[in-house]
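# Notes for the structure review
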Amino acid sequence: NSSLTRSTPTALSKARDDLAATSVGSYALFAGGRDASKSYVNTVDAYNTSLTRSTPTALTVARERLAAASVGDYALFGGGMASSIYSAVVDAYNKSLTRSTPTTLSVARTGMGATTVGGYALFAGGSPSSGYSDVVDAYNTSLTRSTPTALSQIRSSMGAATAGNNAIFAGGITSKTSSLASRTVDAYNESLTRIVPTEMEDHRHGLSGVSSGHYALFGGGMPTGFAALVFVYNAELTKLATRTLSSDRNNIAATAVGRYALFGAGDYKSDGSDNVVDVFTEV
């Protein structure tokens with residue numbers, strides 16, 4: 001039998017929020033964000049498998065609300081913004097934590113959804129300086145960028161996750177002048193062919209996506225208020241029965257370990273932050 005225990009390794013070198021995280025080789029990387037003084041951060045912290053922290057070369061541009069995904073031997077951090085300036089920069093870190101700067105995103109923007117399918121890291125949608133975007137940028141294992149078929153709808157603040165051989169982008173917000181949320185779902189297979197699966201039952205933006213085995217789960221977020229619904233798609237892009245979190249909340253952190261998909265904390269209605277963790281198990 002195995003168990004889960006909590007520890008608190010050396011803290012990040014700088015306190016911040018709206019950062020991005022992904023992994024490459026034997027490292028987990030946390031990059032960018034904005035600190036308590038509201039200054040934009042270019043710091044990168046890396047933890048190895050012994051949870052020893054190091055600080056590799058910083059991002060080329062300090063920024064918040066960037067997106068992160070990994071492909072092959074690289075961790076990629078793309079887009080974001082600082083002082084109302086939208087970024088198209090992509091920073092790539094290899095397994096030795098050496099930084100390179102591949103071709104920029106085709107459109108400078110923030111609030112993208114990012115995930116990996118096959119040999120590609122995908123950065124989709126988001127918010128440029130005007131309106132919202134339907135652009136998808138794909139980086140292969142050589143860091144060559146291509147632009148597959150656009151999303152079926154412009155939107156930002158989507159949930160992104162991978163189920164089997166499909167990268168899935170769900171929900172999002174479609175207008176800067178209103179809180180109009182979407183229930184649209186777009187999927188891209190390993191050939192970057194776009195498929196449009198069955199929509200979610202509810203309009204949602206700010207939802208959190210997590211990949212767990214054969215499933216992609218999208219939980220929480222906001223239509224007009226906070227939400228507890230969890231939408232589930234399998235590797236065949238079939239929408240399964242909706243699950244629910246134990247409470248309505250937004251801005252959830254989501255990740256997976258083994259057979260478990262975890263949705264942790266977040267904003268709880270009008271009562272402030274929650275510390276609940278909901279776990280869904282693949283059986």
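Let us look at the structure shown here.

### With respect to the pattern of salt bridges
- As enumerated under the stated definition, the model contains 12 salt bridges in all.
- Note that Asp137 is salt-bridged to Arg109, the shortest N-O span being 3.0 Å. Taken together, the residues span a long stretch of sequence, with Asp137 in strand β13 (residues 136–140) and Arg109 in the loop between β10 (99–100) and β11 (113–117) at a distance of 28 residues. Each member of the pair, Asp137 together with Arg109, is buried.
- Between Arg145 and Asp137 there is a salt bridge, with its nearest N and O atoms 3.8 Å apart.
- Overall, the relative accessible area of 29% leaves Arg145 in the partly exposed class.
- A single salt-bridge network, built from bridges that share partners, covers Arg16, Asp45 and Arg53.

### Digging into the sheet that holds β11
- Here 4 strands make up an open sheet; going across it, the order is β11-β12-β13-β14 and the pairing antiparallel. Looking along the sheet, the strands with just one partner apiece sit at the ends: β11 and β14 (145–146).
- Pairing between β13 and β14: 2 bridges, direction antiparallel. By the bridge assignment for β14, Tyr139 is matched with Arg145.

### Section: the sheet that holds strand β2 (residues 27–31)
- Taken in spatial order, the 4 strands make up an open sheet running β1-β2-β3-β4, and their pairing is antiparallel. Edge positions in the sheet fall to β1 (20–24) and β4 (53–54), since each of these pairs with one other strand and no more.
- Summarising the sheet, β2 and strand β3 (residues 44–47) pair through 4 bridges and their orientation is antiparallel. Bridging from a neighbouring strand, Ala31 pairs with Val44 of β3.

### Focus: unusual backbone geometry
- Unlike most non-glycine residues, Asp18 shows phi in positive territory, near 55°.
- Of note in the backbone geometry, Ser157 takes a positive phi value of approximately 55° without being a glycine.
- In this structure, Ser157 sits in the loop between β14 and β15 (159–163).
- Judged by relative accessible area, Ser157 falls into the partly exposed class, the value being 23%.

### Observations concerning the packing of aromatic side chains
- Enumeration over the complete set of coordinates arrives at 6 aromatic pairs.
- Between Phe30 and Tyr47, the aromatic rings sit 6.0 Å apart at their centres with planes inclined by 90°, giving edge-to-face as the arrangement. Highlighted residues: Phe30 in strand β2 and Tyr47 in strand β3, separated in sequence by 17 residues.
- When the centroid spacing of 6.2 Å and the interplanar angle of 75° are considered together, the rings of Phe169 and Tyr188 count as edge-to-face. Here the residue Phe169 occupies a position in strand β16 (residues 166–170), and Tyr188 occupies one in strand β17 (residues 185–189), the gap between them amounting to 19 residues.
- Given a relative accessible area of 0%, Tyr188 falls into the buried group.
- Directly above the ring of Tyr260 sits Arg259, whose terminal nitrogen or CZ lies 5.4 Å from the centroid.

### Observations concerning the environment of Ala20
- Turning to its location among the elements, Ala20 is positioned in strand β1.
- Here Ala20 is in contact with Leu29, Phe30, Ala31, Leu66, Ala67, Ala68 and Phe77, once residues within four sequence places are set aside.

### Here we look at the environment of Thr101
- With respect to the helices, strands and loops of the structure, Thr101 is situated in the loop between β10 and β11.
- Distance from Thr101 to Thr60, taken between C-alpha atoms, is 8.2 Å for residues 41 residues apart in sequence.
- With sequence-adjacent residues up to four places away left out, Thr101 is seen in contact with Thr60, Val90 and Asp91.

### Things to note about the pairing of β15
- Counting buried residues in β15 gives 5 out of 5 residues, a clear majority hidden from the surface.
- With burial as the criterion, each face of β15 is covered, one bearing Gly159, Ala161 and Ala163 and the other bearing Ala160 and Thr162.
- Where β15 and β16 come together, 5 bridges link them in antiparallel fashion. From the neighbouring strand, Ala160 faces β16, where its bridge partner is Phe169.

How each quantity is defined
Residues numbered from 1 in each chain as written. Predicted model: local features only at pLDDT ≥ 70, side-chain atom pairs only at ≥ 80, totals over all residues. Heavy atoms only, no water. Salt bridge = Lys/Arg side-chain N within 4 Å of Asp/Glu carboxyl O. Helix = DSSP H or I, 4+ residues; strand = E, 2+ residues; numbered from the N terminus. Buried < 20%, exposed > 50% of the residue type's maximum accessible area, 1.4 Å probe, protein only. Pairing = 2+ DSSP bridges. Phe/Tyr/Trp six-rings, centres within 6.5 Å; stacked < 30°, edge-to-face > 60°. Lys NZ or Arg CZ within 6 Å of the ring centre and 35° of its normal. Contact = heavy atoms within 4.5 Å.

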